[in-house]
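In case you want the letters, here they are:
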Amino acid sequence: MKLSRRAVQLTPSEPRRIYDEAQKYRNVIDLTLGDPDLPPPMNVRQAACDAILAGKTRYSANAGLLALRQAIVAEAKKEYGMDFQAESEVIVTVGAMESAYLSLWSLLDEGDEAIIPAPYWINYGEVVKSCGATPVFVETRPEDAFVMQSKDIEKCITKRTRLLVLNSPANPTGAVIPGETLDQLAKLAVKHDLTVISDEIYSHLAYDGRKVESILTQPGMRERTVVVNGFSKRYAMTGWRVGWTLAPSPLIRVMTQMTENVVACAPLPSQYAALEALSDRTDESYIRQEFEKRRDCVLEELQRIPEITSVGIPATFYAFLNVSATGMSGEEFAMGLLKSKQVAVIHGNAYGGDAYRDYIRIAFTLPCDELRKAFARIREFLAERSAR
Ligand code: PMP
């Protein structure tokens, strides 16, 4: 069977490859995927069960339950102090992944360029390519704590540049873009008439009391920003598959038309659960608190391994770590560690090419005692290598 050119140019996912490889080992400590191990709040789980028992198991409107869209709009008012129309400026999607996919599909023509700061969440590069557009990766640097710099973005803007993808806090680095950089980026977007996709899926997993800002609230950005968000990380609801997009109505209209052709709607019991999640009955703070505790645990363990360095983890549940002082590339480190100590981590170049070959990403989605075990195995791995 002949596959399309678009299909054959997809790059196999390295994180999935390592994850699959890790499943072949017994007693593996798996730090590969960004999938929280905590349960969602009990009232949220109950709401899904209630919906199923009440037979609320059919299709909803393509854009999602109106009540859920209204709740998302109310949430947006709290977050940004802005009013959105539930009927026309929001769509409920199958996870933030479908939000990202549909928005890129709706915005990009063949030959367009989309700027993506690296290292990046792999889906963005793949989806841009599958639209026949070109991803233009702009490196961020450890000396800037992996925060993108507007002067680097500006250098890459051409006549074909259509949009800029922002992901703050970022997967895989945890970087949070400060307000002054958002201000510069917004000016750039207005000047060059760019649309900005603002992926805010980790915005509630920021630590040390940090409040994450959005480019949406910058002057001139309301009409050119697409907010991608979802329930997976904040409420630990990855498998429930509910996300959303807030954007100007012409975009929401075509995304809603297209979702009819792809999935019809997000799963209805999950939408009822999501509606409950946004209610004032929900207290999801234990999730952020647990990840903050684990973040502290990771930083503490790292102090005992001088060959592995971090620029800090202000948010998310990822640590993007430089392993060059071990004498190994990230890939050698990841493969060697899995084989000899059964700890699975992902090499940094999986997230943005050779510039990150000295890095690994760990997802601290396991309890502290498991993380400490993983770091003990990493210390053994390094000690055994240097004894050779
Ligand atoms: N955006 C980013 C940056 C992510 O890391 C992820 C998941 N790893 C998603 C979006 C998708 O999340 P979901 O589809 O589960 O809502």
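Look up a bit, the structure's there.
Note that this is a predicted model, so its numbers are computed, not measured. (Residues numbered from 1 in each chain as written. Predicted model: local features only at pLDDT ≥ 70, side-chain atom pairs only at ≥ 80, totals over all residues. Heavy atoms only, no water.)

Asker: Before we go on, may I ask you to explain the packing of helix α3 (residues 42-53) against helix α10 (residues 268-277) in this structure?
Answerer: Think of two packed helices as two axes; the pair is described by the angle between the axes and how far apart they sit. Interhelical geometry of α3 versus α10 gives an angle of 145° and a closest axis separation of 8 Å. Viewed along their axes, α3 and α10 form a crossing whose handedness is right-handed. Together, N43, V44, A47, A48, A51 and I52 of α3 and P269, Y272, A273, E276 and A277 of α10 make up the contact between the two elements. For the contact of α3 with α10, the per-class residue count stands at nine nonpolar, one polar and one charged. (Axes fitted to C-alpha atoms, helices over the stretch in contact; angles between N-to-C directions. Helix = DSSP H or I, 4+ residues; strand = E, 2+ residues; numbered from the N terminus. Left-handed = near helix turned anticlockwise from the far one by under 90°. Contact = heavy atoms within 4.5 Å. Nonpolar A, V, L, I, M, F, W, Y, C, P; charged D, E, K, R; others polar.)

Asker: What is the right way to look at the state of the cysteines in this model?
Answerer: By definition, a disulfide is the covalent link that joins the sulfur atoms of two cysteine residues. Within this structure, the stated rule accounts for zero disulfides. Cysteine C131 shares no disulfide, and the gap to the nearest cysteine sulfur, in C156, comes to 20 Å. Residue classification places C131 among the buried positions, given a relative accessible area of 12%. Judged by its relative accessible area of 21%, C156 falls in the partly exposed class. (Disulfide = S-S within 2.5 Å. Buried < 20%, exposed > 50% of the residue type's maximum accessible area, 1.4 Å probe, protein only.)

Asker: Can you walk me through the pairing of strand β5 (residues 161-167) in this structure?
Answerer: Two faces, one strand: in a regular strand the side chains alternate between the faces of the sheet. In terms of burial, β5 is largely enclosed, as six of its seven residues are buried. Inspection of the sheet shows β5 paired to strand β6 (residues 195-199) by five bridges, in the parallel sense. Note that in β6 the partner of N167 across the bridge is D199. Crossover connection from β5 via helix α8 (residues 179-191) to parallel β6: handedness right-handed. (Pairing = 2+ DSSP bridges. Right-handed = clockwise from strand over helix to strand, strands pointing away.)

Asker: Help me understand the site of the ligand, please; the structure alone is not making it clear to me.
Answerer: Around the ligand, a shell composed of G95, A96, M97, W121, N167, N171, D199, I201, Y202, S232, K233 and R241 is seen. Between the ligand and Y202 there is a distance of 2.7 Å, counted from an oxygen atom to a side-chain nitrogen or oxygen. Protein contact buries 95% of the 400 Å² of open area that the ligand shows by itself. Taken together, the residues of the shell around the ligand sort by class into five nonpolar, four polar and three charged. (Near = heavy atom within 4 Å. Polar contact = N/O pair within 3.5 Å; in protein donor to acceptor, adjacent residues only side chain to side chain. Areas by Shrake-Rupley, 256 points an atom, 1.4 Å probe, with all protein chains shown as cover.)

Asker: Can you walk me through the side chain of S168 in this structure?
Answerer: Along the chain, S168 falls in the loop between β5 and α8. At 2.9 Å, the side chain of S168 and the backbone nitrogen of I177 are in polar contact. Excluding residues within four positions of it along the chain, S168 makes contact with A175, V176, I177, D199, E200 and V212.

Shape descriptors only; they carry no functional weight alone.
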